[in-house]
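Remarks on the overall topology
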Amino acid sequence: MRAALALLLTLGAGATCAACGGGPAPSEAVTIMVPWSTNTGEYQAFAAVMKKFEAETGIVVHPEVTRAVAQQLDADLSAGDPPDLVDLPSPGAVEQYQAQGRLRPLTVNLSSYDQPWRDLAESGTGTVYAVPVKADIKSLIWYRTDALAAPPASWQALENLSGHGTPWCLGLASGSTSGWPGADWVADILLSRHRAGDYEDWLAGQLPWTSAEVKDAWQAWGALLRYGAAVNGGVRGALTTAFNQAAGGMPAGRCELEHGALSATGLTSTAGYGYVVFPSGSGADAPVMVSGDFMGLFTGNPDARKFLSYLASDQAQARWVRQADGHAFSADRAVTPAAYPAGVQQKIAALLQPSARTMLCFDAADMMVPDLSTAFEQAALEYINDHGALPALLAGLQKTQQGAGSSPGAKLACAQP
């Protein structure tokens, strides 16, 4: 199916090129699976990079859009017809497909890419198996600047705001991965209160889910949200609202705060909104939780290798983050804050630079093996619905971890660029 589509695209592109009387002749079309809906700024930012590559090389790129990347990719692999390139949502996915022998090793130079993305792209082997084409910072609290007299820069300030009304915007719905915003909350609190060492021990299975530290993080999240009473729409609203629709412009009187990456807020503009880095719960500055998209190669298509090398280049990374509505960030240190749209995005980008001297820790659920990650996200849904179930949920997660094992790359999660 894909081979026929690639041929059709190639013939069509060739006819167009012949008509225009010049330019490089296309060879084999490239198929690429991505999770960004075509009507979003995230997709349009990627498309700007893709179209520049097509114009420069004559190679046709055919995107396949699906939110269910893992399910669709597994089905395609079973059928023996995978796309050339796939945007993998986590280091856990890179590790999984590399261990299965599905990912092709790459010769892409990632020397200008910061940690922890670089080591995670190598899946702990020293060989590059995926390119961290996009980065994000999750340890952010967003707020309406006209609603608050001062930024909520401390945990105490967040507790004060949560003490009355429904200040929090929270959406946990995300199809097959529903619950991940809640998992991010728990991981961010654990990181804030117990630092990088305990965080990595937890990911490696050396700090149990039933430990006082992990239990404390869950309870702190529940208490801050007043077990749903501080959330716009309550528990039902949180469970049924899509993660990128909860803010909805953060309507006055309904919710004025949201936790997470800029790309996940659903805000089309940052005008009128500010952010603070997730406040430390232990005195010193807390590590910052990050995430990323990793592009992997699943076929022998040489043009796909060319496109992947292009996506990893300083030029393509700078073009990607320059698209204002894309809300994208780069792990390539050569892409300085000046490359981003002026304002909030430049300030966030500065956190990724080595000069910021910030400890960066990769998102916990993304580091976990798939079975445990899914269980973690499901537990977040169950906890917000019934906080009294926490002991049973933590015991279940501990049992799942013992059965599924821990990611061998867990100790690569935290690093200072």
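The structure we're discussing is the one just above.
In what follows, the accompanying structure is described. (Residues numbered from 1 in each chain as written. Predicted model: local features only at pLDDT ≥ 70, side-chain atom pairs only at ≥ 80, totals over all residues. Heavy atoms only, no water.)

**Regarding the packing of aromatic side chains**
Two aromatic rings, taken as a pair, are described by how far apart their centres are and by the angle between their planes. Note the threshold: Only the six-membered ring of Trp is used, alongside the rings of Phe and Tyr, when aromatic pairs are assigned; centres must lie within 6.5 Å, and planes under 30 degrees apart are stacked while those over 60 apart are edge-to-face, with the rest tilted. Labels follow the DSSP assignment, with helices taken as runs of H or I lasting at least four residues and strands as runs of E lasting at least two, numbered in each case from the N terminus. For every residue, the accessible area obtained with a 1.4 Å probe (protein chains only) is divided by the maximum for its type, and the residue is called buried under 20%, exposed over 50%, and partly exposed between those limits. Here, a charge over a ring means that NZ of Lys or CZ of Arg falls within 6 Å of the ring centre while also lying within 35 degrees of the ring normal.
Under the definition given, this model contains 21 aromatic pairs. Ring geometry for Phe 46 and Trp 320: centres 5.8 Å apart, planes at 50 degrees, overall tilted. Of this pair, Phe 46 sits in helix H2 (residues 41-57) while Trp 320 sits in helix H12 (residues 314-322), placing them 274 residues apart in sequence. By the burial criterion, Phe 46 is buried, and Trp 320 matches it. Relative to Phe 362, the ring of Phe 294 has its centre 6.0 Å away and its plane inclined at 50 degrees; by these criteria the two rings are tilted. Of the two residues, Phe 294 is situated in strand E8 (residues 288-297) and Phe 362 in strand E9 (residues 360-362); the sequence distance between them amounts to 68 residues. A relative accessible area of 0% places Phe 362 in the buried class. One aromatic cluster is present, formed by Tyr 199, Trp 202, Trp 209, Trp 218, Trp 221, Phe 376 and Tyr 383 through successive ring pairs. One residue, Arg 193, lies across the ring of Trp 155, its end atom 5.1 Å from the ring centre.

**As for the nonpolar core**
Inclusion rule: Nine residue types can take part in a nonpolar core, namely buried Ala, Val, Leu, Ile, Met, Phe, Trp, Tyr and Cys, and a core is a set of them joined through side-chain atoms within 4.5 Å.
Tyr 199, Trp 202, Trp 218, Phe 307 and Phe 376 are the most contacted members of the largest nonpolar core, which totals 133 residues. Tallying contributions element by element places helix H7 (residues 180-203) first for this core, with eleven residues.

**Quick word on empty space enclosed by the protein**
As a reminder of what qualifies: Definitions used for this entry: grid spacing 1 Å over protein atoms alone; cavity, a set of points where a 1.4 Å probe fits but cannot get out; pocket, an open set with protein on both sides within 12 Å along at least 5 of 7 lines; lining residue, one with an atom within 4 Å of a point. Grid points are joined across faces, edges and corners, and a volume is the space filled by probe spheres set on the points.
Counted according to the given criterion, the structure contains three cavities of 30 Å³ or more. Computed from the structure, the largest cavity encloses a volume of approximately 170 Å³. If you go around the largest cavity, you meet 16 residues; those closest to its centre are Trp 180, Pro 181, Glu 258, His 259 and Gly 260. When residues of the lining of the largest cavity are assigned to their parent elements, the largest contribution, four residues, is made by H7.

**A few points about the side chain of Asp 84**
The condition that has to hold: Here a residue-residue contact requires only that any non-hydrogen atoms of the pair lie within 4.5 Å.
Mapped onto the secondary structure, Asp 84 falls in the loop between helix H3 (69-78) and strand E3 (85-88). Overall, Asp 84 belongs to the buried group, its relative accessible area being 8%. Setting aside residues no more than four positions away along its own chain, Asp 84 makes contact with Ala 29, Val 30, Thr 31, Gly 296, Leu 297, Phe 298, Thr 299, Asn 301 and Ala 304.

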